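Single-letter residue listing:
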Amino acid sequence: MTTHSRIKQLLIAMIALLAGHTWATDLYVSPTGSETGGTTWSTAYKNLQNALQAAASGTTIHMAGGIYLLTNQVVWTSSQSGVTIRGGYEAAGDEDLPGDNDPTRWPTVVTSARTSNHRLFKLSGVQDGTIENITCTGAFNARTAAADAQGGALAIESCANIRVSNCVISNNHAETTGSGTTCQGGGLYVSDSRLTLIGCLLDGNTVKSAGGSSSYGGAVAYDAGSVCFFDNCVFRNNMLLW
């Protein structure tokens, strides 16, 4: 075999290897972003949902400190498996990305207006998803008639290896008033999923049932098909209301 042939075969092998490789990427979300690509703080998405739709397996979505007021729940599906969402960044500039991270100094707060009627996150069919350094607060998820209310802040359904780390889930509310319905998980609801919570605070979440409905889990509710691990988490002031 000639040297030229060896080089040609080597190049073909390298192209095939690169074609099958999934590159890890970084995307950015900031209240002051310009929505022009999302690959730096200055071009960051303002809307987390838009960043998720652009993400692929291996992507880390970095969220600047600030308040993100949702008009609808963030929907996270199987096509965004293997994604990490991490808050708590200073987002001072593009010189040294992603920059300093301290959720105590630069808290990332995901919330909704009290007049809105929706949870904050719904995860469905996600594999290996991570949420870190995020405060989920102020959600109001109310249902009437024949609809169940599942998860004040988060609903995690048919997912595997979901990790929620160093997050605050506080002052969220789930409510149902229909006869024969159920209200489950003022903070979060887990169905047919595997979830690990590490170093999280669940505080002041509530579920309320009326009109013949029933309620479970002021902080967390999960069904028999789920496996949940809680490591160094704090639960306080979570309540069932009637």
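Here the structure is a predicted model, which is why all the values come from computation and not from measurement.

Before going further, it helps to examine the sheet that holds strand S14 (residues 168-170). Taken in spatial order, the six strands make up an open sheet running S3-S6-S9-S14-S19-S24, and their pairing is parallel. The open sheet has two edge strands, strand S3 (66-70) and strand S24 (234-236), and neither has a second partner. For this sheet the average axis-to-axis angle between neighbouring strands, irrespective of direction, equals 15 degrees. Sheet topology note: the strand S9 (residues 134-137)/S14 ladder contains three bridges and is parallel.

Note on placement: Gln49 falls in helix H2 (residues 48-54). Here Gln49 falls in the buried class, since its relative accessible area comes to 17%. If we skip the residues at most four places from it in the chain, Gln49 touches Gln73, Val74 and Val75.

In regular strands, side chains alternate between the two faces of the sheet. Two strands pair when backbone bridges link them, and strand S1 (residues 26-29) and strand S2 (residues 60-64) are joined in this way by four bridges, in the parallel orientation. Counted as the bridge partner of Asp26 is Thr60 from S2. Since S1 and S2 lie parallel, the crossover through H2 that links them has a hand, and here it is right-handed.

Analysis parameters
- Residues numbered from 1 in each chain as written.
- Predicted model: local features only at pLDDT ≥ 70, side-chain atom pairs only at ≥ 80, totals over all residues.
- Heavy atoms only, no water.
- Pairing = 2+ DSSP bridges.
- Helix = DSSP H or I, 4+ residues; strand = E, 2+ residues; numbered from the N terminus.
- Axes fitted to C-alpha atoms, helices over the stretch in contact; angles between N-to-C directions.
- Buried < 20%, exposed > 50% of the residue type's maximum accessible area, 1.4 Å probe, protein only.
- Contact = heavy atoms within 4.5 Å.
- Right-handed = clockwise from strand over helix to strand, strands pointing away.

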